[in-house]
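Coordinate inspection notes
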Amino acid sequence: MTHWLSVLVQTPAHSQVAGPLSYRSELALAAGTLVRVPFGKRETLGVVWDTPADGEAAPFDADKTRPITAALDSLSPLTDTWRQLVGFAAGYYQRSLGEVALAALPPQLRELSAEQLARRLKRQAKAAPASPAPAGQAIAPLTLTPEQASVISQIETQAGPFLLFGATGSGKTEVYLRCVQQLLERDPQAQVLVMVPEINLTPQLEARFIERFGPVYGEQAVVSLHSGMTNPQRLASWLAAHSGAARIVLGTRMAVFASLPQLKLIVVDEEHDPSYKQQEGARYSARDLAVYRGKLEGAKVILGSATPSLESWHHSRPASEGGRYLRLHMPSRVGGNSEPAVTADGRHNPASGLPLVRRVDMNHQPKHAVFSPPLVEAIKVRIARGEQSMMFLNRRGYAPVLHCTDCDWKSECPYCSAFRVFHKIDRTLRCHHCGFTERVPRACPACGNPDIRPMGRGTERLEEHLAELLDDVRRPDGQAVRIVRIDADTTKHKGELESQLAQVHAGDVDVLVGTQMIAKGHDFRRITLVAAVNADSALFSSDFRAPERLFSLLMQAAGRAGRDTGVSSDSEMWVQTFHPTHPLFDALKRHDYPAFAAGELKEREQAGLPPFSFQALVRAEARSQETAQGFLQAASASGTEAAAALGVTLYPAVPMSVQRVANVERAQMLIESPSRAALQRFLAGWHEVLHEVRQGPEGKGLIRWAVDVDPLTI
Ligand code: ADP
Ligand code: ZN
Ligand code: ZN
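Remember, it's a predicted structure, so these values are computed and weren't measured experimentally.

What follows is about the domain arrangement of the chain. Assigned domains of the chain: these are domain 1 (3–127), domain 2 (146–330), domain 3 (350–396 + 464–603), domain 4 (399–456) and domain 5 (614–709). With both chains or domains summed, domain 2 and domain 3 bury close to 1800 Å², and 58% of this area falls on carbon and sulfur atoms. Of all residues in domain 2, T168, T307 and L310 give up the largest surface area on contact with domain 3, accounting jointly for 32% of the area buried on that side. Counting across the domain 2 and domain 3 interface gives one salt bridge.

Encoded structure:
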């Protein structure tokens with residue numbers, strides 16, 4: 001008997017083939033089965049998306065439909081909830097089902113034949129049998145703090161989703177570990193997904209999970225899933241998760257699509273982090289999909305952060321005001337007392353365990369000082385005590401611009417509307433947008449003046465300057481001060497970041513200089529002084545999310561100071577600023593995220609910005625700005641009526657803030673609505689229009705376009 005199947009295959013973005021394709025098969029295959037099918041002249045991997053109900057006639061001429069090549073039926077079908085997740089993501093983020101479904105599978109799966117896969121599975125099953133009997137119980141070495149105990153019992157007894165709002169160092173990870181432990185002990189099949197924003201943060205977490213659960217469930221019970229892994233590694237992890245052998249999957253945003261047939265708990269650590277938003281292809285938010293997936297699977301969801309996204313914070317307002325998440329609060333640092341960081345009379349309370357925040361008014365410091373004299377003194381004091389300091393600046397390279405003092409030439413990138421950054425270490429000018437790199441000219445290319453100078457500062461220059469300032473300072477052991485810089489330039493090669501971090505952990509470093517990369521997540525034990533060298537640039541940005549990001553970054557950075565209260569009780573966070581009275585710094589000084597959030601949310605509400613409205617962006621790229629904007633305007637004109645009927649606002653097309661990259665002009669158009677449903681309805685209908693305009697005269701010369709739903713940067 002011949003059966004027909006609808007099958008999803010990888011289709012290029014925006015191709016005409018948007019939905020599933022029809023194939024026939026001699027075997028009846030369940031939805032979710034992986035198959036190999038002919039596609040054009042190739043053979044490719046597909047997912048059986050749908051099967052007809054019994055007796056339903058094939059909606060096509062059976063003789064003309066091609067048969068599938070093979071079914072990968074050594075693998076159990078993907079679950080219904082997995083398919084629902086993919087279906088939802090494709091619809092919500094305006095991408096084709098095939099693109100989302102196939103991107104959610106490990107790349108190597110596309111290359112394996114049915115036989116190769118079967119062999120692979122046999123090998124893997126031998127190495128890691130599915131859910132072996134636990135060898136006793138995991139041993140939790142710590143006694144929970146009262147805050148942890150209370151939070152854990154609420155997670156046990158309530159449905160969630162939960163927003164775990166816990167200060168840095170309040171022991172959130174221990175909460176995750178205990179919740180996982182309780183679940184695994186109760187349910188011998190249950191699986192857990194733990195997401196972190198960055199690859200760099202996975203090894204430390206993986207170590208903690210393996211340490212806790214490896215002895216009981218076997219080391220294979222914990223697997224990672226992120227883009228830093230090789231394709232074979234990713235396939236192995238994916239298969240272990242799919243078969244149930246892996247009980248705990250740790251991963252970055254892509255892991256939200258992992259096949260976890262017994263998923264019962266999802267943890268999204270540092271849920272505020274922008275890295276959870278995919279920036280190309282299907283531009284999904286893994287955090288939002290995690291919440292959706294939790295609902296689909298009946299799995300509990302814990303979002304954790306010391307500085308939640310304003311969206312999640314808003315969702316966790318009291319249920320009586322419309323909140324949908326349950327907010328759980330852990331205000332105190334482990335080892336600190338539970339009093340606020342700042343007392344009622346405005347004085348810092350060192351017993352809280354939270355660092356003292358000091359604002360340095362740069363208006364009153366020597367002109368052009370990079371490090372204010374009091375900060376330099378403070379660094380010296382820490383060095384003398386054998387403690388570590390951390391300086392961060394959100395700009396890598398030596399200087400953001402090179403310029404000629406005579407004719408005012410600047411190191412612009414010929415291909416982008418941006419300056420090329422001066423990297424002194426290899427004497428290059430590098431464009432951070434398109435990658436164009438040249439050796440630094442000996443003299444001004446415009447007028448020949450040999451006196452071309454760096455303008456502004458990056459981390460490389462900071463490191464050099466600090467070395468000069470600390471030249472005559474000695475460590476307690478009499479040796480010279482050791483400074484290490486960690487940023488994207490010093491960690492390009494595999495293993496570099498790990499070895500640099502190891503140096504810091506070992507205490508071989510006195511001062512750590514870097515970008516925001518070092519401010520996040522790392523559990524440094526001996527750092528007692530953290531300084532934001534130039535915190536001002538984000539204060540007056542045109543992006544309405546800039547203050548939120550700055551506050552969160554500074555709080556995270558402060559969280560690196562004094563994590564080990566045994567080392568020093570007077571840890572400090574310094575902020576150098578020309579605007580010391582800015583309310584953002586005031587809230588920071590009190591470690592008062594709720595006050596900051598309340599202020600921001602009020603402004604957002606007045607301005608009708610998210611989370612009080614919902615947005616999507618359409619971006620277009622072309623050789624000329626006119627073409628890019630022309631496409632958007634034509635699409636907008638065709639959507640005006642539908643938008644008006646739904647209460648959706650279409651804003652005019654404008655150039656993007658970095659307008660030209662690699663000689664491509666970029667434009668964007670904002671779409672906004674107070675209703676998420678209305679925005680979704682509009683986008684769903686408008687999608688066709690965009691395709692039509694693309695094919696018409698206004699689409700001529702367009703290189704690409706994409707829709708970004710719930711964009712993070714505007
Ligand atoms: P967070 O993720 O909230 O920043 P962590 O979970 O990393 O905090 O905990 C900070 C430190 O406190 C870690 O070194 C952790 O081992 C320790 N810790 C956590 N809970 C406890 C506890 N109940 N008793 C003692 N130490 C704890
Ligand atoms: Zn010149
Ligand atoms: Zn460039």
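There is more to say after this.
What follows is about the environment of L328. Along the chain, L328 falls in strand β12 (residues 326–330). Classification of L328 by relative accessible area gives buried; the value is 2%. Spatially, the C-alpha atom of L328 lies 9.4 Å from that of G304, the residues being 24 residues apart in sequence.

With respect to the helices and strands, R234 occurs in helix α7 (residues 231–243). It turns out R234 is buried and unbridged, and the closest side chain with the opposite charge, E111, is 10 Å from it. In contact with R234, not counting residues within four places along its chain, are P106, P107, L225, H226, S227, M229 and M254.

What follows concerns the site of ligand 1. Around ligand 1 sit 18 residues, and of these T143, Q148, G169, K172 and T173 come closest. Contact between ligand 1 and Q148: a nitrogen atom at 2.8 Å from a side-chain N or O atom of the residue. Note that an oxygen atom of ligand 1 is positioned 2.9 Å from one of the backbone N or O atoms of K172. Coverage of ligand 1 by the protein amounts to 79% of the 560 Å² it exposes when considered alone. With three residues, the single largest contributor to the shell around ligand 1 is helix α5 (residues 172–186). Its residues assigned to classes, the shell around ligand 1 shows four nonpolar, eight polar and six charged. A domain-level breakdown of the shell around ligand 1 finds at least three residues from each of domain 2 (146–330) and domain 3 (350–396 + 464–603).

Taken together, C404 (SG), C407 (SG), C444 (SG) and C447 (SG) make up the full set of protein donors to the zinc ion (ligand 2), lying 2.3 to 2.4 Å away. Read N to C, the donor residues that coordinate the zinc ion (ligand 2) are spaced as C-x2-C-x36-C-x2-C. The buried category is assigned to C444, whose relative accessible area is 3%.

By the definition in use, this model includes 15 aromatic pairs. Note on Y415 and F436: the rings are 5.1 Å apart at their centroids and 90° apart in plane angle, and the pair reads as edge-to-face. Placement of the pair is Y415 in the loop between β15 (401–404) and β16 (421–423) and F436 in the loop between β17 (428–430) and β18 (437–439), with a sequence separation of 21 residues. Looking at F436, the relative accessible area reads 22%, which means it is partly exposed. A centroid spacing of 6.3 Å and a plane angle of 40° characterise the contact between F551 and Y593, whose relative ring orientation is tilted.

Attention now goes to the nonpolar core. Soluble globular proteins tend to pack their nonpolar side chains together in the buried interior. In this structure, L105, F257, I671 and W686 are the most contacted members of the largest nonpolar core, which totals 127 residues. Contact partners of W686, with chain neighbours within four places excluded, come to V618, A635, S636, G639, M669 and I671. Residues A138, V222, I248 and I302 belong to the second largest nonpolar core, which totals 31 residues.

Before going further, it helps to spend a moment on the sheet that holds strand β13 (residues 356–361). Taking strand neighbours across the sheet as the criterion, the six strands line up as β13-β23-β22-β14-β21-β20 in an open arrangement whose pairing is parallel. Both edges of this open sheet fall to β13 and β20 (483–486), since each of them pairs with a single strand only. Looking at each pair of strands side by side, their axes are set apart by 20° on average, direction ignored. Bridge count for β13 against strand β23 (residues 572–577) is six bridges, and the pairing is parallel. Residue pairing across strands places V360 opposite Q576, the latter belonging to β23. Contacting β14 (388–392), β21 (511–514), β22 (527–532) and β23, helix α10 (residues 373–384) crosses the sheet at an angle of about 160° to β22. Of the strands in this sheet, β14, β20 and β21 touch helix α12 (residues 496–505), which is tilted by about 145° from β20.

Glancing now at helix α15 (residues 593–607). Under the 1.5 Å per step criterion, the end-to-end length of α15 is 21 Å for 15 residues, consistent within 8% with the ideal 21 Å. Structurally, α15 contributes buried residues whose contacts are with β6 (162–166), α9 (310–315), α13 (546–558) and α14 (583–589). The N-terminus of α15 is capped by D592, whose side-chain oxygen sits 3.1 Å from the backbone nitrogen of A595. Note on α15: the residue one or two positions beyond its end, G608, has a positive phi of about 65°.

Relative to the elements of secondary structure, Q680 occurs in helix α17 (residues 676–695). Setting aside chain neighbours within four positions, we find Q680 in contact with G91, Y92, Q94 and V709.

This part covers the pattern of salt bridges. According to the stated counting rule, one finds 37 salt bridges in the structure shown. The partner of R36 in a salt bridge is E43, with the nearest N and O atoms 2.5 Å apart.

Their axes nearest at 10 Å, the elements helix α1 (residues 80–92) and helix α8 (residues 286–297) cross at an angle of 145°. Remark: the crossing between α1 and α8 carries right-handed chirality. Counted together, T81, W82, Q84, L85, F88 and A89 of α1 and L289, Y292, R293, L296 and E297 of α8 form the full contact between these two elements. Of the residues that constitute the contact of α1 with α8, the class distribution is seven nonpolar, two polar and two charged.

A few words now on the coordination of the zinc ion (ligand 3). In this structure, C413 (SG), C416 (SG), C431 (SG) and C434 (SG) serve as the protein donors to the zinc ion (ligand 3), at separations of 2.3 to 2.4 Å. Each of the four donor atoms bound to the zinc ion (ligand 3) contributes to angles spanning 106 to 111°, and the resulting shape is tetrahedral. Mapped onto the sequence, the residues coordinating the zinc ion (ligand 3) show the spacing C-x2-C-x14-C-x2-C. Of this pair, C413 sits in the loop between β15 and β16 while C431 sits in the loop between β17 and β18, and the two are 18 residues apart along the sequence. The same class applies to C413 as to C431, namely buried.

Turning to unusual backbone geometry, a few remarks are in order. Backbone torsion omega between G160 and P161 reads 0°, so that peptide bond is classified as cis. Counting through the fold element by element, P161 comes out in the loop between α4 (146–157) and β6. Here the residue pair P610 and P611 is connected by a cis peptide bond, since its omega of 5° sits within 30 degrees of zero. On the secondary structure map, P611 appears in the loop between α15 and β24 (614–622). In this structure, R427 is a non-glycine residue whose phi angle is positive, near 50°. Judged by its relative accessible area of 40%, R427 is partly exposed. Although it is not a glycine, D710 adopts a positive phi angle of roughly 55°. Here D710 lies in the segment after β28 (702–709). For D710, a relative accessible area of 16% corresponds to the buried category.

About the criteria used
- Residues numbered from 1 in each chain as written.
- Chains lettered and ligands numbered in written order.
- Predicted model: local features only at pLDDT ≥ 70, side-chain atom pairs only at ≥ 80, totals over all residues.
- Heavy atoms only, no water.
- Domains from an automatic or database assignment.
- Buried area = accessible area lost by both parts, 1.4 Å probe.
- Salt bridge = Lys/Arg side-chain N within 4 Å of Asp/Glu carboxyl O.
- Helix = DSSP H or I, 4+ residues; strand = E, 2+ residues; numbered from the N terminus.
- Buried < 20%, exposed > 50% of the residue type's maximum accessible area, 1.4 Å probe, protein only.
- Lys, Arg positive; Asp, Glu negative; His and termini not counted.
- Contact = heavy atoms within 4.5 Å.
- Near = heavy atom within 4 Å.
- Polar contact = N/O pair within 3.5 Å; in protein donor to acceptor, adjacent residues only side chain to side chain.
- Areas by Shrake-Rupley, 256 points an atom, 1.4 Å probe, with all protein chains shown as cover.
- Nonpolar A, V, L, I, M, F, W, Y, C, P; charged D, E, K, R; others polar.
- Donors = N, O, S within 2.8 Å, 3.2 Å for Na, K, Ca; no water.
- Phe/Tyr/Trp six-rings, centres within 6.5 Å; stacked < 30°, edge-to-face > 60°.
- Core = buried A, V, L, I, M, F, W, Y, C linked by side-chain atoms within 4.5 Å.
- Pairing = 2+ DSSP bridges.
- Axes fitted to C-alpha atoms, helices over the stretch in contact; angles between N-to-C directions.
- Expected span 1.5 Å × (residues − 1).
- Left-handed = near helix turned anticlockwise from the far one by under 90°.
- Tetrahedral: all angles 85-135°; square planar, octahedral: opposite > 155°, others 65-115°.

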